[in-house]
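Residues per chain, in single letters:
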Amino acid sequence: EFTKNRSKNVGAIQTLDGWKNRQKIVAETLKKDIGAFPEKTPLNAKVVKVIKKDGFRIEHIVFESMPNYYVTASMFIPSNLKKKAPAIIYCVGHAEESFRNDRYQEDLLNFVHKGFIAFSFDPIGQGERVQYLSKDGKSTVGGPTIEHSFPGSPLFVSGNSLGKYMIWDGIRSVDYLISRKEVDAKRIGITGISGGGTQTALIA
């Protein structure tokens with residue numbers, strides 16, 4: 001029923017004003033469903049490690065998307081940049097190791113070898129941001145989907161959503177990229193795969 005109504009409403013749009021009104025409705029619905037975003041606060045970003053590779057370097061980064069709410073990320077930067085470069089935020093799917101997964105590394109390396117700055121962050125519950133951590137460093141509740149749904153239910157009950165936090169991490173990733181002298185702030189893109197495709201759409 002929802003899909004039929006959406007198709008009918010979108011199909012009836014014939015003007016630019018109609019599309020702008022649709023955009024407003026979608027934005028208001030998204031805000032209502034996920035909750036209002038917090039105010040932007042200092043990122044307090046730190047590069048904690050640098051790895052030099054043939055033709056590029058990898059910077060491991062930690063920043064605060066909200067006060068004391070830490071996001072782990074890595075930035076792949078081509079060597080010998082002569083001017084600011086375009087950047088791509090790469091959102092990953094439900095892999096325990098996040099963007100360190102071999103499949104996602106292929107894409108990140110493809111981007112950096114083509115001259116893009118590639119940036120990927122750990123979604124909450126994945127990579128270095130596992131929340132329900134055992135002594136051996138593994139999740140006590142299961143894989144990434146359970147790491148997401150486990151806190152998701154109480155957040156919904158409280159009128160909040162895990163999606164809001166994940167989207168906000170992506171928005172603040174844009175802010176971080178803008179702060180870097182290597183990045184052309186007018187050419188920042190975003191893409192993703194699987195669950196990262198959903199993140200891409202919502203962050204955009």
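Residues numbered from 1 in each chain as written. Predicted model: local features only at pLDDT ≥ 70, side-chain atom pairs only at ≥ 80, totals over all residues. Heavy atoms only, no water.

Caption draft 1: Expanded view of the overall build of the protein. Within the protein one finds 6 helices and 6 strands. Going from the N terminus to the C terminus, the protein shows its helices and strands as α-α-β-β-β-β-α-β-α-α-β-α. Computed over the C-alpha atoms, the radius of gyration of the protein is 18 Å, within 12% of the 17 Å expected from 2.2 N^0.38 for a compact globule of 204 residues. Counting only C-alpha atoms and orienting by the principal axes, one finds that the protein spans roughly 55 × 45 × 35 Å. Counting across all 204 residues of the protein, residues that qualify as buried make up 41%. At a minimum sequence separation of 6, the contacts of the protein that also span at least 24 residues come to 62%. Roughly 12000 Å² of accessible area belongs to the protein as shown, and the carbon and sulfur atoms make up 55% of that amount. Side-chain charges in the protein split into 29 positive and 21 negative, and the spacing between the mean points of these groups amounts to 6 Å. (Helix = DSSP H or I, 4+ residues; strand = E, 2+ residues; numbered from the N terminus. Rg over C-alpha atoms; globule rule 2.2 N^0.38 Å. Buried < 20%, exposed > 50% of the residue type's maximum accessible area, 1.4 Å probe, protein only. Contact = heavy atoms within 4.5 Å. Areas by Shrake-Rupley, 256 points an atom, 1.4 Å probe, with all protein chains shown as cover. Lys, Arg positive; Asp, Glu negative; His and termini not counted. Charge placed at Lys NZ, Arg CZ, Asp CG, Glu CD.)

Caption draft 2: Representation of unusual backbone geometry in the model. Of note in the backbone geometry, N44 takes a positive phi value of approximately 50 degrees without being a glycine. Position of N44 relative to the elements: it lies in the loop between α2 (16-34) and β1 (46-53).

Caption draft 3: Looking closely at the nonpolar core. Core analysis: the biggest nonpolar cluster contains 29 residues, and F63, M75, I117, F119, F121 and L177 have the highest contact counts within it. Taken together, the elements giving at least two residues each to this core come down to β2 (56-66), β3 (69-78), β4 (85-91), β5 (117-121) and α5 (162-179). Among the elements that take part in this core, α5 stands out by supplying 8 residues, more than any other. Contact partners of I117, with chain neighbours within four places excluded, come to M75, F76, I77, P78, L81, A85, P86, A87, I88, E182 and V183. (Core = buried A, V, L, I, M, F, W, Y, C linked by side-chain atoms within 4.5 Å.)

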